[in-house]
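Chain residues, written in single-letter form:
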Amino acid sequence: MDPGQFLAIFISAVFINNVILSRFLGLCSFIAISKQTKPAFAMSLAVMFVTTMSSIITWLIYRFLLIPFNMTYLRTISFILVIATFVQFVEMVIRKIAPAMYRFFGIYLPLITVNCAVLGVAVLNSDMFFVQGKTVPYGFVYSTFQGICVGAGYMLAMLLMSAIRERLETCNVPKPLKDFPLGFIIASIMSLAFMGFNGFRF
Amino acid sequence: MNNRLTVLSSPHLHSRESVPRIMWTVVACLIPAGAAGVYLFGMPALRTIAWAAVAAVACEWIIQKLTKKKITVTDGSAIMTGLLLAYNLPADVPFWIPVLGSIFAVAIAKHAFGGLGQNIFNPALVGRAFLVASWPKYLTVFTKPGYDAVTSATPLAMLKEGRLAEQIPYLDLFLGRRAGCIGEVCIVALAAGALFLLIRGYISWHIPASFIATVGIFTYIFGPKGFFTGDWLFHILSGGLILGAFFMATDYVTSPPTARGHLIFGVGCGILTSVIRLWGGYPEGVSYAILMMNAATPLIDRFTKPRIYGTAKRKKATGTGV
Amino acid sequence: MKSLNELIKGLIKENPAFVLMLGLCPFLAVSVSIANGIGMGVAATFVLVCSNVIISAIKNFIPARIRIPCYIVVIATFVTITELVMKAYSPALNRALGIYVPLIVVNCIVLGRAEAFASKNNVRDSLFDGIGMGIGFTLALLLISGIREFLGAGKLFSLTVIKSFEPALVIAMPPGALLVIALLLGFFNLIKGRK
């Protein structure tokens, strides 16, 4: 296992190909829930958990179910079903055993089912760590790590954005640009800044 | 407007300082570096500076006229943006590069956020990042100082490509006898302006000191021939570090207000700059580092907010619903 | 007449991308060139129309509590069909659109129309609603990808338009996508404010 590979995955997933700012996955939730830091933080924790778990589950399904039975064309449909089921399941479990936590980020969980970031990382993993129907060495570890990093990238963008937007609450932004347009402008400048990491080599 | 404005408790000090006074002082302190740039790179440098400054002021005037706001082009902030942008460009660029950069800086990075005092990002750096991403072929060609104007790579770019054949004398770096952007090359001139700002208390030492020290220590530790072999002085004197640390990272609006926040901001800038310089694709990372820390400033503010005197320190940061 | 209304409301009044702010992920990611934009628009429209029709046809057989998973299965089926067809007949387009083709599954427009419209209306109206929304989405894609291809690459439909024009490469990159949509939305708000 190459430690440099981990760093490359980390820098790529968090900065260069940031799931929101560069791949535009989970953009809807990013713009909608980033008005305040606390819910933004809760949402990103939930997303991070789900991206990690769904990376693990979808890798197992792809490796031990879809490839052996030659059904990789069912990737999209099986992944989304598994993710939806998993999210439902987690929601039920959390509601049962940790009501406080459920109140903290329970309402965001159902939204995650249709959060493109989750399906996106599953599809990316199966594109990146499977070569011609075979898993690359340590593909499972890389996939899991990429799931965590994509979640971390989501959290970074969410936290920065929500803090900025909280501060802008007191500013007299030009009226046509209020809310969504300015949100996109901030995201654009953040994306420009993260371009500084382009071509990262360790 | 709603009542979300936070006013700290008294005492509120009154001072003779005003926004225009501060801005014009900073502009004045920037002049030596620009003059040195013009001396080193010749007339093209002066032309670039003029275009950038005029475009920034004109753009501000037009926007304020169109939105029927108070015209504040005389407060010096627009011209400062123009100057800083030009200082971050190579001397020999087509005239429309500084013009478009200034327009982008003033219109998108400043007035879209509501104007001076509300921008999150340093406008000049946003303008530069936009130009670098848009027209890289103009922004990465530098001329060597001198009459014959040969194009040459900057010392940092040569280092990155492993072409730094021989050591550039530190004195040359110090005086600005190297390829680079207009306003970043002459360290002496920059230091003179910065010293004035420091002595008069316009900027505090925290951000520049922590920024520069972090870059020095980081590049020394992760040297090319193993740990603790880095040429830290070279890294401090080359690139836009001095210009960025004293004149752009210290911008009041886009950096944290507290001393603790300053230190976090400076160290963050330093680490990001060094990481990009050592392992990134671009030879220089100062402007990106400052932009990234600009984005983090509201977050830093949340965690370094001064405690109101007399209130208890909160026991636990419960997700900080401040 | 009602069907016609369902058709044209998606074009401007309830344009999925600009007004309802749905389906932005593929919208921004693939709008680098007009060809990609049209490809994505057509693919999404196909999925939207088919799933709208099927869902409105079977809406009475689906138990309310598990309706969302059922919708997702229907949608995912059509997405898979699209994926396979695209892979077979237009591999270049498939490569250009990349992971954003399977991601049509979680495109908020498709699921949103299924939940908000097709589950409550008859097949005919749902068909027209799907067509209208699909065309609206495609038009919006056409607009933004046209702007981005022109400013970012100096081309339209992959043809160079003005020789001496030096394109701003950033517009073709992610920051440019965010910038263009920000300015477009601001522009629409401005017009709305004037009226």
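The structure we're discussing is the one just above.
These numbers were taken from a predicted model, which means no experiment stands behind them.

Draft legend 1. Broad picture of the overall build of chain C. Assigned secondary structure in chain C consists of eight helices and two strands. Listed N to C, the secondary structure of chain C is α-α-α-α-α-α-α-β-β-α in terms of helices and strands. Taken against the 2.2 N^0.38 rule, which gives 16 Å for 195 residues, the C-alpha radius of gyration of chain C at 18 Å falls within 12% of a compact globule. By principal-axis analysis of the C-alpha atoms, chain C measures approximately 60 × 45 × 30 Å. Among the 195 residues that make up chain C, the fraction classed as buried is 52%. Total accessible area on chain C is roughly 8,600 Å²; 71% of this is exposed by carbon and sulfur atoms.

Draft legend 2. Structural detail: the interface of chain B and chain A. On the chain A side, the residues contacting the 37 residues of chain B number 33 residues. When the area that chain B buries against chain A is broken down by residue, the three leading residues are F113(B), W279(B) and M292(B), summing to 17%. Where chain B touches chain A, the interface holds one salt bridge. A salt bridge links R302(B) to E166(A), with the nearest nitrogen and oxygen atoms 2.4 Å apart. At the junction of chain B and chain A, the tally comes to five residue pairs in polar contact (both at pLDDT 80 or more). Among the elements of the structure, α5 (123-134), α13 (259-279) and α14 (286-303) of chain B are those that each provide at least two residues to the side of chain B that touches chain A. Looking at the side of chain B that touches chain A element by element, the count peaks at 10 residues for α14(B).

Draft legend 3. Summary view of the interface of chain A and chain C. Opposite the 33 residues of chain A that make contact, chain C presents 34 residues. For the pair chain A and chain C, the two sides together bury roughly 2,900 Å², of which 84% comes from carbon and sulfur. For chain A, the biggest contributors to the area lost against chain C are F24(A), T76(A) and F184(A); these three give 21% of the whole. Applying the counting criterion to the chain A and chain C interface returns one salt bridge. A salt bridge links E83(C) to R75(A), with the shortest nitrogen-to-oxygen separation between them at 3.6 Å. Where chain A touches chain C, the interface holds four residue pairs in polar contact (both at pLDDT 80 or more). Among the elements of the structure, α2 (27-33), α4 (75-97), α7 (116-128) and α9 (180-194) of chain A are those that each provide at least two residues to the side of chain A that touches chain C.

Draft legend 4. How the structure looks around unusual backbone geometry. All names here are of chain A. In this structure, N70 is a non-glycine residue whose phi angle is positive, near 60°. As for its placement among the helices and strands, N70 is situated in the loop between α3 (37-66) and α4. Of note, the phi angle at D179 is positive, near 65°, even though the residue is not glycine. D179 sits in the partly exposed class, given a relative accessible area of 39%.

Draft legend 5. Structural context of α14(B). Residues and elements named next belong to chain B. Taking 1.5 Å of rise per residue, the 18 residues of α14 would be expected to cover 26 Å, and the 24 Å separating its terminal C-alpha atoms lies within 8% of that figure. Approximately 45° is the largest bend angle found in α14, and it occurs at A296, with the proline P298 only one to four residues beyond. In terms of burial, α14 is largely enclosed, as 17 of its 18 residues are buried.

Draft legend 6. Highlighting the pattern of salt bridges. For the coordinates displayed, the defined rule picks out 12 salt bridges over all chains. For the salt bridge of R75(A) with D127(A), the shortest nitrogen-to-oxygen distance reads 3.0 Å. Residue R75(A) is located in helix α4, and its partner D127(A) is located in helix α7; the two are separated by 52 residues in the primary sequence. Overall, D127(A) belongs to the partly exposed group, its relative accessible area being 41%. In this structure, D129(C) engages R113(C) in a salt bridge whose closest nitrogen and oxygen atoms are separated by 3.0 Å. Residue D129(C) is found in helix α7 (residues 123-153), and its partner R113(C) is found in helix α6 (residues 108-118); the two are separated by 16 residues along the sequence. With a relative accessible area of 0%, D129(C) lands in the buried category. Taken together, the shared-partner salt bridges in this structure form one network comprising R75(A), D127(A) and E83(C).

Calculation notes
- Residues numbered from 1 in each chain as written.
- Chains lettered and ligands numbered in written order.
- Predicted model: local features only at pLDDT ≥ 70, side-chain atom pairs only at ≥ 80, totals over all residues.
- Heavy atoms only, no water.
- Helix = DSSP H or I, 4+ residues; strand = E, 2+ residues; numbered from the N terminus.
- Rg over C-alpha atoms; globule rule 2.2 N^0.38 Å.
- Buried < 20%, exposed > 50% of the residue type's maximum accessible area, 1.4 Å probe, protein only.
- Areas by Shrake-Rupley, 256 points an atom, 1.4 Å probe, with all protein chains shown as cover.
- Contact = heavy atoms within 4.5 Å.
- Buried area = accessible area lost by both parts, 1.4 Å probe.
- Salt bridge = Lys/Arg side-chain N within 4 Å of Asp/Glu carboxyl O.
- Polar contact = N/O pair within 3.5 Å; in protein donor to acceptor, adjacent residues only side chain to side chain.
- Expected span 1.5 Å × (residues − 1).
- Bend = angle between axes of the 7 residues up to and from the residue.

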